[in-house]
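# Summary of the model geometry
Here is how the chains run, residue by residue.
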Amino acid sequence: MRRLILNSQLKAPVLFLIILGLSFLMVNVAGAENSFHEIHPTAKNGVLDLTAWDLDTDGIVPLEGQWEFYWQALLEPADFADSNGSPELINVPGTWNQYKVNNEAIGGMGYATYKLSVEIDSQDRLLALKIPRVFTAYTLWINGELAASAGSVGTSRENSTPKYLPQVAVFDAGEGKVEIVMQVSNYHHRSGGVLENIGFGLEEQILDARYRALGLELFIFGCLFIMGLYHLGLYAFRRSELSSLVFGVYCLAIGMRTLLAGEIFFIYLWPGFNWEVAHNLQTLAFYLGLPLFVMFIRLIFPQDVPLRAVRLVQAISLAFSLLVVFTPARIFTHVNPAFQMFFLATIPYFVYTLIRAIRNKRQGALVIGTGAFALILSTVNDVIFLSVIMNDYPAPLLREIVTRGNLSSLGILAFAFAQALVLAMKFSTAFTRVEEMSAEVQELNINMEDKVAERTADLEKSNEELDEAYRELFKLQKFRRNLLANISHDLRSPMTTIKGYVDAILDGMVKDPNEQRRYLEVVREKSLGLEILTRELFELARLESREVNLDLGVFSAEEIVQAIYLKYRLDAEAKGINLSLDIPEQTPIVNVDIEQIARVFDNLIANSIRHSPAGGSITIGYFAQENQVVFSVTDTGEGIQEADLPNIFDRFYKGDKSRTASSGGSGLGLAVAREIVEYHGGKIWARNNPGAGSTFGFSLPVHQ
């Protein structure tokens with residue numbers, strides 16, 4: 001076992017370096033496959049001069065800068081033949097939302113025409129444009145020839161059709177001048193215009209970039225799809241591993257989003273697929289990806305990720321997701337910036353929880369944390385790339401830092417690889433343990449005679465334990481006979497009283513109505529006492545026979561004692577007793593039936609309040625002890641007779657100050673408390689404090 005621990009400690013840093021290296025490698029590959037030259041010409045006044053740009057050596061150039069812009073006009077190349085005057089200019093890439101007409105922003109809905117003239121040296125080879133998705137429909141001409149289109153450009157929502165369709169347009173430059181005219185309309189999304197760079201280069205360069213991008217996205221989709229199915233298979237065969245289910249669903253969701261973003265290969269498979277549904281699926285993958293990621297981290301590091309934070313993320317993400325499901329894109333896309341801000345706001349907190357898990361040396365935390373950091377960084381990149389600040393406003397610094405989007409799929413791939421490595425570590429540890437156990441079995445066979453003698457001694461010891469158990473059983477039978485006698489006595493006394501009072505009324509011995517009412521009130525009080533006694537006896541019998549099914553849940557010790565404190569604070573104050581909490585820094589987790597544990601506290605605290613004088617105090621606390629959580633209720637009351645301490649948890653025990661039946665109770669409360677605690681695998685006890693009062697305590701196993 002020591003060798004297993006050492007191997008795990010040595011492997012973790014190595015795996016950490018592997019994950020880190022692969023993360024950087026994938027980001028660099030992703031950037032290289034679709035990147036542009038860092039220093040390149042930009043368009044000015046609708047003209048891009050590339051005469052000094054060597055396409056062979058300098059590569060693809062983005063057509064960014066100032067394009068001519070004609071708002072609320074759908075112009076074709078022929079319409080520019082007699083064009084005079086100075087056109088309006090707009091920066092590409094970017095939305096037209098903040099473009100101003102009559103000093104007012106035009107918003108996202110509408111239509112316009114873009115125009116750019118590109119001056120190049122004469123080329124005897126074919127050129128091409130790499131056209132990204134355009135929001136949300138376009139028609140593009142190159143040198144007067146229709147080159148590409150997506151959706152239907154229109155002047156209203158009724159006569160326009162949205163479609164995302166990244167594609168390549170190949171053309172002949174001819175005389176060395178390229179005139180690009182693009183009609184764009186948008187009535188279905190918050191943002192309108194050309195939000196991403198159009199690439200310009202030689203045909204083979206553009207096609208190479210296109211195929212690289214498609215290849216990478218399909219590779220990512222395949223990896224995530226297989227990883228998702230693998231984890232769902234793990235969950236199918238091992239239902240206790242809920243983290244496998246969450247992670248499998250997460251991989252499939254992000255894998256599907258990979259086909260709906262970037263090169264949008266999904267539309268090439270199903271060209272007629274509804275744009276609204278595709279956009280909804282892509283957005284839902286982002287909205288639901290956050291709570292799935294947080295749930296997964298909570299499941300593998302439950303002691304480091306608070307449940308309240310997970311519930312908050314789930315609630316907010318569900319609210320945004322419902323908006324996506326029940327409203328069209330032109331409405332819910334307006335709330336995208338709000339969710340992006342919420343996502344960015346959660347990042348520091350969950351980075352802190354991951355760092356805490358690594359610092360606490362949780363199993364696999366270093367590897368999982370490294371993959372998670374790669375995922376977080378790539379997702380933050382995508383959020384910034386699609387943000388309002390990036391697309392609606394000039395943000396040159398951001399555009400220099402964030403050059404492309406759709407990196408989150410690479411991040412989840414790094415994260416999935418980290419999870420796979422952790423699984424491999426677990427399997428390796430398990431197999432190594434099996435091998436060691438096999439060696440132990442072989443050694444056991446070699447020394448069989450000694451082991452037989454040892455087992456014989458164990459059997460003799462077991463026989464002694466059986467004899468002891470038989471004696472305990474005899475004592476139990478005697479106890480049950482006494483119990484029946486106690487029950488008979490406790491039931492007979494109130495029933496005799498009830499019968500006497502009723503006979504007195506029926507025989508006419510009591511005729512005064514007020515006196516009759518007093519007699520009937522006594523009868524009702526005794527009946528209620530019998531009802532409570534019967535109910536507690538029935539519940540105690542069910543607990544002893546384990547017929548009660550525990551509704552187990554995971555709770556922190558702190559939230560349990562906080563709830564008990566709030567429940568009894570007013571009762572204690574009403575009697576003039578100071579009720580306080582003793583909560584340590586460490587907050588262990590327990591797996592309990594919270595209602596049953598509350599019954600234990602009810603009996604203990606009710607007894608303490610009943611037996612503590614005004615001005616006294618009661619303290620509720622807990623502390624961790626090895627793999628146990630010890631809860632305690634300490635009071636400054638009258639204490640317990642030392643002779644009664646070993647017996648106060650027995651049914652119907654009636655010591656002078658045992659704080660059971662002698663104080664008005666049924667005599668079953670502490671017995672019920674003991675059965676509940678032992679049912680949970682714990683122990684309960686009581687002791688007198690050195691000064692005054694007593695302490696009731698019980699222990700529960702820590703949830704692993």
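What counts as what
Residues numbered from 1 in each chain as written. Predicted model: local features only at pLDDT ≥ 70, side-chain atom pairs only at ≥ 80, totals over all residues. Heavy atoms only, no water. Helix = DSSP H or I, 4+ residues; strand = E, 2+ residues; numbered from the N terminus. Buried < 20%, exposed > 50% of the residue type's maximum accessible area, 1.4 Å probe, protein only. Areas by Shrake-Rupley, 256 points an atom, 1.4 Å probe, with all protein chains shown as cover. Contact = heavy atoms within 4.5 Å. Core = buried A, V, L, I, M, F, W, Y, C linked by side-chain atoms within 4.5 Å. Pairing = 2+ DSSP bridges. Axes fitted to C-alpha atoms, helices over the stretch in contact; angles between N-to-C directions. Parallel < 35°, antiparallel > 145°, perpendicular 65-115°, else oblique. Left-handed = near helix turned anticlockwise from the far one by under 90°. Nonpolar A, V, L, I, M, F, W, Y, C, P; charged D, E, K, R; others polar. Expected span 1.5 Å × (residues − 1). Patch = residues over 30% accessible without salt bridge, like charges linked within 9 Å, V, L, I, M, F, W, Y side chains within 5 Å. Salt bridge = Lys/Arg side-chain N within 4 Å of Asp/Glu carboxyl O. Lys, Arg positive; Asp, Glu negative; His and termini not counted. Charge placed at Lys NZ, Arg CZ, Asp CG, Glu CD.

Our next topic: the overall build of the chain. Looking only at helices and strands, the chain features 18 helices and 22 strands. For the chain, the proportion of its 704 residues judged to be buried stands at 45%. Split by element, the accessible area of the chain, about 36100 Å² in all, is 57% carbon and sulfur.

As a further point, take the environment of Val548. Here Val548 lies in the loop between helix H15 (513–544) and strand S16 (553–556). Between the C-alpha atom of Val548 and that of Tyr679, which follows or precedes it by 131 residues, the distance is 9.5 Å.

This paragraph deals with the side chain of Gln419. Tracing the backbone shows Gln419 in helix H13 (residues 408–446). Its relative accessible area of 7% is what places Gln419 among the buried residues. The contact partners of Gln419, leaving out residues within four places of it in the chain, are His231, Phe247, Phe296 and Ile368.

Let us now look at the nonpolar core. Residues Leu63, Tyr114, Val118, Leu129, Phe200 and Phe415 are the most contacted members of the largest nonpolar core, which totals 101 residues. In terms of residues, this core owes the most to one element, helix H6 (residues 275–300), which gives ten residues. Core analysis: the second largest hydrophobic core is formed by 38 residues, Val561, Val600, Phe631 and Leu670 among them.

Next up on the list: the sheet that holds strand S21 (residues 683–688). Taken together, five strands build an open sheet; the order of strands is S17-S19-S20-S22-S21 and the sheet is mixed. Edge positions in the open sheet fall to strand S17 (578–582) and S21, since each of these has one partner strand only. Taking the axes of each pair of neighbouring strands and ignoring which way they run, one obtains an average angle of 15° across the sheet. The sheet contact formed by S21 and strand S22 (residues 694–701) spans six bridges and is antiparallel. Bridging from a neighbouring strand, Lys683 pairs with Ser699 of S22.

This next bit is on the sheet that holds strand S12 (residues 167–172). Strand order in the open sheet formed by four strands is S2-S15-S9-S12, with antiparallel pairing between adjacent strands. The strands lining the two open edges of the sheet, one partner per strand, are strand S2 (61–62) and S12. Pairing between strand S9 (residues 126–131) and strand S15 (residues 199–202): four bridges, direction antiparallel. The residue bridging Lys130 from the neighbouring strand is Gly199, located in S15. Where helix H3 (residues 203–237) meets the sheet, its contacts fall on S9, S12 and S15, and the angle it forms with S15 comes to roughly 125°.

Here Ile583 shows up in the loop between S17 and strand S18 (589–592). Taking C-alpha positions, Ile583 is 8.6 Å from Val561, a pair spaced 22 residues apart along the chain.

Another aspect to go through is the packing of H3 against helix H4 (residues 242–260). Geometrically, a packed helix pair is captured by the angle between its two axes and the distance between the axes. With their axes 7 Å apart at the nearest point, H3 and H4 run at an angle of 160° to one another. On the basis of their axis angle, the class for H3 and H4 is roughly antiparallel. Relative to H4, the crossing made by H3 is left-handed. Of the residues contributing to the contact of H3 with H4, the split by class is 19 nonpolar, six polar and one charged.

A few words now on the packing of helix H7 (residues 307–326) against helix H9 (residues 336–359). Packing of H7 against H9 brings their axes to within 11 Å, and their N-to-C directions diverge by 165°. In this view, H7 runs roughly antiparallel relative to H9, as classed from their interaxial angle. Read as a crossing pair, H7 and H9 show a hand that is left-handed. Residues Ala309, Val313, Ile316, Ser317 and Phe320 of H7 lie in contact with H9, whose contacting residues are Ala338, Phe339, Phe342, Tyr349 and Phe350. Looking at the contact of H7 with H9, its residues break down into nine nonpolar, one polar and no charged.

An α-helical turn contains 3.6 residues, so a residue and the one three or four places further along point in the same direction. If you check helix H10 (residues 365–385), its first and last C-alpha atoms are 29 Å apart, about what 21 residues at 1.5 Å a residue would give, namely 30 Å. For H10, the buried fraction is high: 17 of the 21 residues fall into the buried class.

A separate point is a negative patch on the surface. Judged by side-chain charge, Glu460, Glu464, Glu465 and Asp467 come together as a negatively charged surface patch. On the secondary structure map, Glu465 appears in helix H14 (residues 448–506).

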